[in-house]
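Single-letter residue listing:
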Amino acid sequence: VQALLQDLRAAVGDAHVLVDDDQRTGYEVDWTGRYRGAAVAVVRPGSTAEVQAVVRSCSTHGVALVPQGGNTGLVGGSVPRHPTGAPTIVTSLRRLARIGDIDEAALQVTVGAGATLAAVAARARASSLDLPVDFAARDSATIGGAIATNAGGSRVVRFGTMRHQVLGVEAVLASGDVVGSLAGLPKESAGLHWPSILSGSEGTLAIVTAARLRLVPHYAHTITALVTVPTVSDAGRVLAHLRAHVSSLDAVEVVLPEALDLVAEHLGSAPPIRPSTDGLALLIDCAAPVDPTAELTTALEASPKVVDCVVTADASQRRALLEFRDRITEAVAAESTRIGTPTFKLDVAVPVERLADLVVEASLAADADGCRLIAFGHLAEGNLHLNHLGARDTSQLARRVLGAAAEMGGTISAEHGIGVAKTEYLPMIRNEAELASSRAIKSALDPGDLLNPGVLGLGG
Ligand SMILES: Cc1cc2nc3c(=O)[nH]c(=O)nc-3n(C[C@H](O)[C@H](O)[C@H](O)COP(=O)(O)OP(=O)(O)OC[C@H]3O[C@@H](n4cnc5c(N)ncnc54)[C@H](O)[C@@H]3O)c2cc1C
């Protein structure tokens, strides 16, 4: 290990090889506090060449490495947890935070993997453009992490997930070689496509060092509505109506009553309207070059199943409404600290018409366990975040809920990834040929099992 540390110091400089306990701690535990491990060191390369040197040193000494961005991942993939307990290095990409010039003709930008979503969005907005992907961890989550997890968030209904925004990547393989291109060609049909291969690969195939991203217009007018509907099935009917009649739809978030109550308590302020116990709240964003208020209110008035709604274009009122969605994860974390048990999180998606069945099954599973279920998510993708507070038998909960989602034609992970948290459940949604092909790709690209061993059930 001493020889490795010496090589790493030579590669990135003494100041960027962190070995002291107090310097490493923040990199060794994940955002939820559920997943933690110990790293031999945290290395902070400042360029692609330095990432190459770090990877080559680790390869020479046979020591595994965990790529880490903002460490906001929720499935334990960003912290050192080698399946065999072998020594591991955390490679933090946060210093690769350079944001290039905005290309207003191509609607693109080249950014370092360590740039945060918020920083890229702020730079784009200065040119009246925007990053199409947005979610609550925006101030810490990095572009590299978002690509590695194929992150989603609230605007997938309009723009798709992170993989749809990546026009090019630059990445370092376990061999230390660099692959990919940052040319940002909207059209290229020339065999395997590195952005597609690496989106969702969770740091197991290569370390992303930079990306060429698609930008979209930053609309001058954004409005927000809080809407209540009587049942989960009714929410699907409202969604269908809005999709048919509202061209400016930017986000359709769903919040179940328990989640709304918890976040309201956390914020110390009540929402202006509240759904019934069996109903739910929708938080809807519309964005357009001209004020979309008339378009949305007309559609809501004509929509079946809307019980109540408030619509606002005022920036501070919008922010206040959006807190009831954006700060649920934070409210859940605070409650989990208060009760002294880490939250057990599931992130599932089913076809929208099965969402009501999923809610019933998840509620029954939580009741059977005796835990408290806090559910919210992204309606158009049938994606629910199920937070279990005070869960007793997490394995039983996971088997039941993930099994039900898979059975309904859904998935065990909509946007958080598999990490180490969901690996044993992958066979619920992938057949043996698919699992074997993934293992074959991993061993072809990383024969020494250097990159994030154990994550995605690969290597380790
Ligand atoms: C409050 C909160 C809200 C959230 N909301 C959402 C949401 O709405 N939608 C959503 O999709 N996610 C959400 N997340 C989860 C998380 O923010 C995303 O998964 C995010 O993409 C992780 O980015 P990161 O930079 O923090 O990555 P990390 O947590 O550091 O890493 C995540 C994974 O990516 C790998 N990785 C990181 N950087 C690289 C790189 N440069 N090259 C290769 N591999 C890399 C890691 O090894 C790990 O496996 C939320 C998290 C929090 C805390």
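Preceding this section is the structure that the text describes.
Residues numbered from 1 in each chain as written. Predicted model: local features only at pLDDT ≥ 70, side-chain atom pairs only at ≥ 80, totals over all residues. Heavy atoms only, no water.

Caption draft 1: The environment of Gln 68, seen in detail. Within the secondary structure layout, Gln 68 lies in strand E3 (residues 64–68). A relative accessible area of 1% places Gln 68 in the buried class. As a C-alpha pair, Gln 68 and Pro 80 span 12 residues in sequence and 9.6 Å in three-dimensional space. With residues up to four places along the chain from it excluded, the contact list for Gln 68 reads Tyr 27, Ser 78, Val 79, Val 90, Thr 91, Ser 92, Leu 93 and Arg 94. For Gln 68, the side chain forms a polar contact with the main-chain oxygen of Tyr 27, separated by 3.0 Å. (Helix = DSSP H or I, 4+ residues; strand = E, 2+ residues; numbered from the N terminus. Buried < 20%, exposed > 50% of the residue type's maximum accessible area, 1.4 Å probe, protein only. Contact = heavy atoms within 4.5 Å. Polar contact = N/O pair within 3.5 Å; in protein donor to acceptor, adjacent residues only side chain to side chain.)

Caption draft 2: Quick peek at the site of the ligand. Close contacts around the ligand come from 36 residues, with Pro 67, Gly 69, Thr 72, Gly 73 and Thr 142 the closest. The separation between an oxygen atom of the ligand and a polar main-chain atom of Gly 77 is 3.2 Å. Backbone polar atom of Gly 145 to an oxygen atom of the ligand: 3.4 Å apart, as the coordinates give it. Contact with the protein chains hides 97% of the accessible area of the ligand, taken as 970 Å² for the molecule alone. Considering each element in turn, the shell around the ligand owes the most residues, five residues, to helix H5 (residues 143–149). Partitioning the shell around the ligand into residue classes produces 15 nonpolar, 19 polar and two charged. (Near = heavy atom within 4 Å. Areas by Shrake-Rupley, 256 points an atom, 1.4 Å probe, with all protein chains shown as cover. Nonpolar A, V, L, I, M, F, W, Y, C, P; charged D, E, K, R; others polar.)

Caption draft 3: Spotlight on the sheet that holds strand E4 (residues 88–92). Reading across from one edge, E1-E2-E4-E3 is the order of the four strands in this open sheet, with mixed pairing throughout. At either end of the open sheet lies a strand with only one pairing partner, and these are strand E1 (17–18) and E3. (Pairing = 2+ DSSP bridges.)

Caption draft 4: Spatial organisation of the nonpolar core. Leu 242, Leu 282, Ile 284, Leu 296 and Leu 386 are the most contacted members of the largest nonpolar core, which totals 62 residues. Residue contacts for Leu 282: discarding those within four places in its chain leaves Ala 225, Leu 226, Val 227, Val 229, Ala 235, Val 238, Glu 253, Val 254 and Leu 379. Counting residues in each nonpolar core, the second largest holds 31 residues, with Val 111, Ala 141, Leu 173 and Ala 211 among its members. (Core = buried A, V, L, I, M, F, W, Y, C linked by side-chain atoms within 4.5 Å.)

Caption draft 5: The arrangement of the pattern of salt bridges in detail. As enumerated under the stated definition, the model contains 25 salt bridges in all. Of the charged contacts in the structure, one is a salt bridge between Arg 327 and Glu 323, with a shortest N-O distance of 3.2 Å. Note on Arg 327: relative accessible area 26%, which makes it partly exposed. For Asp 449, the salt bridge is made with Lys 442, and the minimal N-O distance between the two is 3.9 Å. Assessed through its relative accessible area of 3%, Lys 442 is described here as buried. A single network of salt bridges, built from pairs that share partners, joins Arg 125, Asp 130, Arg 155, Arg 158 and Asp 250. (Salt bridge = Lys/Arg side-chain N within 4 Å of Asp/Glu carboxyl O.)

Caption draft 6: Structural context of the pairing of strand E12 (residues 249–255). Most of E12 sits inside the fold, with seven of its seven residues counted as buried. Pairing between E12 and strand E13 (residues 280–288): six bridges, direction antiparallel. Along E13, the bridge assignment pairs Ala 251 with Asp 285. Judged from the three bridges that link them, E12 and strand E16 (residues 372–378) form a sheet pairing that is antiparallel. The residue bridging Val 255 from the neighbouring strand is Phe 376, located in E16.

Caption draft 7: Structural context of the sheet that holds strand E8 (residues 178–181). Ordered in space as E5-E9-E7-E8, the four strands form an open sheet in which the pairing is antiparallel. In this open sheet, the two strands that pair with only one neighbour each are strand E5 (108–112) and E8. Sheet twist, expressed as the average angle between the axes of neighbouring strands with direction ignored, equals 15°. Sitting on the sheet, helix H3 (residues 48–61) touches strand E7 (166–172), E8 and strand E9 (207–214), and the angle it makes with E7 is about 45°. (Axes fitted to C-alpha atoms, helices over the stretch in contact; angles between N-to-C directions.)

Caption draft 8: Quick look at the pairing of strand E17 (residues 383–389). Taking burial as the measure, the seven residues of E17 include seven buried ones, the bulk of the element. Residues of E17 alternate between two faces, with Asn 383, His 385, Asn 387 and Leu 389 on one and Leu 384, Leu 386 and His 388 on the opposite face, all of them buried. Sheet analysis places E16 next to E17, joined by seven bridges and oriented antiparallel. Bridge assignment links Leu 373 to a residue of E17, and that residue is His 388. Counting the residues in the hairpin turn of E16 and E17 gives four residues, including Gly 382, whose phi is positive at 60°.

Caption draft 9: Layout of helix H1 (residues 2–12). Within the span of H1, buried status applies to Leu 4, Leu 5, Leu 8, Ala 11 and Val 12. Along H1, the residues classed as buried sweep out an arc of 120° about the axis, all on the same side. Looking at H1, the residues exposed on the side facing more than 90 degrees away from the buried face are Gln 2, Gln 6 and Ala 10. Backbone geometry just downstream of H1 places Gly 13 in the positive-phi region, at approximately 95°. (Arc of directions from axis to C-beta.)

Caption draft 10: How the structure looks around the side chain of Asp 250. Relative to the assigned elements, Asp 250 resides in strand E12. Assessed through its relative accessible area of 5%, Asp 250 is described here as buried. In this structure the side chain of Asp 250 is engaged in a polar contact, spanning 2.8 Å, whose partner is the side chain of Arg 155. A distance of 2.8 Å separates the side chain of Asp 250 from the side chain of Arg 158, its partner in a polar contact.

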